[in-house]
Amino acid sequence: MFSSFPLIFAVALAPAQPAAGGWSSGRPPECTLEIGGSTANVWERAKSPELRRYCDLIASAASKLAGNAVMAPAALAAAREADGLLPGHAAPRVLEGRALAALGQLDAALAALREGKARDRAALDDPLALLAWARVLARTGHSGEAVEAYRALLPRTGALSTVERAAAAVEAGLATMAGGTAGVDDAVAALREALRDAQDDALGVAILALALALDRRGEVGEARALLADRAGGDPRNVLASSRAKELLAVAPVETPALAGLALEPNDVAGARDAWEQYLAGLSTATARPWESHARAHLDALPSPLPGGHASARRPR
């Protein structure tokens, strides 16, 4: 999987692969012992009521964060109870961070996940934990760390559901592309992968994002062909959906650029508004890697004429 990623991408990921004996299987090491190559029930040896209760709480918190029916408040309570019962372990803090992220408490989630990682570096080997980590980093403005987290996540998404796998690829592409030209190849690879699994509004975002990445990479013809073949209707409708907003939360500055590029063939006024909105959004940004690209698109649009019509399009 993800064989389309550049070789340098794959090499960079190698050190981050989970080591054997980690807890990417979903159970932390304190709840599982490896004896002679087989897994033994830890309380058959420890006979510890506190440990039994702790592991039950960990399992409860994890189950409440799985699937579509997430019960974040109950998961948060279970994780915190487990941490109070046997302090110092990574699992409760990681589960607490995931629950807080689901509740939208991003700063608290970031602190919890950081502490979990500090307690046990393997604590984020689990794909669901790593996805939460990448999202929280991106949504709190830690873009560099977020890109590294998504890079570590993508080779492991086979363990995720189809919906989560598609979301991870779309978010990785958006977050990586937003960082500038150095990440555009990886962004294209991630977004091509996203097209395989994404559905409905997530697919719409993947198409728009891949077209923008290709255009920024100089593959203008392929970008236009992709939009013509697969991006139907007004892109602003897709981008206004709750699913799109959730995906774009990792790189919200990119939203107007996605719209601007897709609107150019049929709605020059809308494209102009979108590109101007994108450039206005960069006014407070410390890094503006795609500013010249956006200005080139804006300058290439036909000039408005009296009566609301547009003059001939200037070549880019």
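None of the values given here were measured: they were computed from a predicted structure. (Residues numbered from 1 in each chain as written. Predicted model: local features only at pLDDT ≥ 70, side-chain atom pairs only at ≥ 80, totals over all residues. Heavy atoms only, no water.)

Of all hydrophobic cores here, the largest spans 95 residues; its most connected members are Tyr54, Trp133, Tyr150, Leu174, Leu258, Trp275 and Tyr278. For this core, the element with the most residues is helix α11 (residues 200-216), which contributes 11 residues. In contact with leucine 174, other than residues within four places in its own chain, are Val205, Ala209, Leu247, Leu248, Val250, Ala251 and Leu258. (Core = buried A, V, L, I, M, F, W, Y, C linked by side-chain atoms within 4.5 Å. Buried < 20%, exposed > 50% of the residue type's maximum accessible area, 1.4 Å probe, protein only. Helix = DSSP H or I, 4+ residues; strand = E, 2+ residues; numbered from the N terminus. Contact = heavy atoms within 4.5 Å.)

Let's shift gears to helix α16 (residues 268-281). With 14 residues, α16 should cover 20 Å at 1.5 Å per step; its first-to-last C-alpha distance of 20 Å lies within 8% of that length. Here α16 has its buried residues at Gly270, Ala271, Arg272, Ala274, Trp275, Tyr278 and Leu279. Check the buried side of α16 and you find it contacts α11, α13 (235-239), α15 (255-263) and α17 (291-300). (Expected span 1.5 Å × (residues − 1).)

Moving on: the pattern of salt bridges. Between side chains of opposite charge, a pair can form as their charged atoms come close. By the definition in use, this model includes 21 salt bridges. With a closest N to O distance of 2.8 Å, glutamate 115 and arginine 93 form a salt bridge. You can see glutamate 115 sitting in helix α6 (residues 106-119) and its partner arginine 93 sitting in helix α5 (residues 90-102), a full 22 residues away along the chain. Its salt-bridge partner being glutamate 219, residue arginine 217 comes within 2.6 Å of it at the nearest N-O pair. One salt-bridge network, held together by shared partners, links Arg80, Asp83, Arg93, Glu96, Glu115 and Arg119. (Salt bridge = Lys/Arg side-chain N within 4 Å of Asp/Glu carboxyl O.)

Put simply, helix α3 (residues 49-64) and helix α4 (residues 72-85) touch, their axes get as near as 8 Å, and they point 155° apart. By the angle class used here, α3 and α4 are roughly antiparallel. In this structure, the crossing between α3 and α4 has a hand that is left-handed. Taking contact as the criterion, the partners of Glu50, Arg53, Tyr54, Leu57, Ile58, Ser60, Ala61 and Lys64 in α3 are, on α4, Ala74, Ala75, Ala78, Ala79, Glu81, Ala82 and Leu85. Tallied by class, residues from the contact of α3 with α4 come to 10 nonpolar, one polar and four charged. (Axes fitted to C-alpha atoms, helices over the stretch in contact; angles between N-to-C directions. Parallel < 35°, antiparallel > 145°, perpendicular 65-115°, else oblique. Left-handed = near helix turned anticlockwise from the far one by under 90°. Nonpolar A, V, L, I, M, F, W, Y, C, P; charged D, E, K, R; others polar.)

Turning to helix α10 (residues 184-197), a few remarks are in order. Residue pairs three or four apart in sequence face the same way in an α-helix, which turns once every 3.6 residues. If you check α10, its first and last C-alpha atoms are 21 Å apart, about what 14 residues at 1.5 Å a residue would give, namely 20 Å. With 11 of its 14 residues buried, α10 lies for the most part within the structure. Buried within α10 we find Val184, Asp186, Ala187, Val188, Ala189, Ala190, Leu191, Glu193, Ala194, Leu195 and Asp197.

Take the packing of α16 against α17 next. Contact geometry of α16 with α17 gives a least axis separation of 10 Å together with a crossing angle of 155°. When the interaxial angle is binned, α16 and α17 end up roughly antiparallel. When the axes of α16 and α17 are compared, the crossing they make is left-handed. Here Arg272, Trp275, Glu276, Tyr278 and Leu279 of α16 lie close against α17, whose contacting residues are Glu291, His293, Ala294, Arg295, His297 and Leu298.

Turning to the side chain of glutamate 254, a few remarks are in order. Looking at the element boundaries, glutamate 254 is found in the loop between α14 (242-248) and α15. Those residues in contact with glutamate 254, other than ones at most four positions away along the chain, are Met177, Ala178, Leu212, Arg216, Tyr278 and Trp290.

Looking now at the packing of aromatic side chains. A full pass over the atoms with the stated rule returns one aromatic pair. Centre to centre, the rings of tryptophan 275 and tyrosine 278 are 6.2 Å apart; their planes meet at 90°, and the pair counts as edge-to-face. Here the residue tryptophan 275 and the residue tyrosine 278 both occupy positions in helix α16, the gap between them amounting to three residues, near one helical turn. Grouping residues by exposure puts tryptophan 275 and tyrosine 278 together as buried. (Phe/Tyr/Trp six-rings, centres within 6.5 Å; stacked < 30°, edge-to-face > 60°.)

Note on placement: alanine 168 falls in helix α9 (residues 162-178). You can call alanine 168 buried: its relative accessible area is 0%. Sequence spacing of alanine 168 and alanine 132 is 36 residues, and the spatial spacing of their C-alpha atoms is 9.9 Å. Those residues in contact with alanine 168, other than ones at most four positions away along the chain, are Leu131, Tyr150, Leu153, Leu154 and Thr157.

Turning to the confidence of the model for the chain, a few remarks are in order. Taken over all residues, the pLDDT of the chain has a mean of 86, while the share at 70 or more is 83%. Contacts for the low-pLDDT stretch residues 1-25, under 50 throughout, to residues beyond four places or in other chains number 45 contacts. Across residues 34-39 the pLDDT falls below 50, and counting only partners more than four positions away or on other chains, this stretch makes seven contacts in the model. (pLDDT = per-residue confidence, 0-100.)

What follows concerns unusual backbone geometry. Residue aspartate 200 is not a glycine yet carries a positive backbone phi of 55°. Locating aspartate 200 in the fold gives a position in helix α11. Under the relative-accessibility criterion, aspartate 200 is labelled exposed at 68%.

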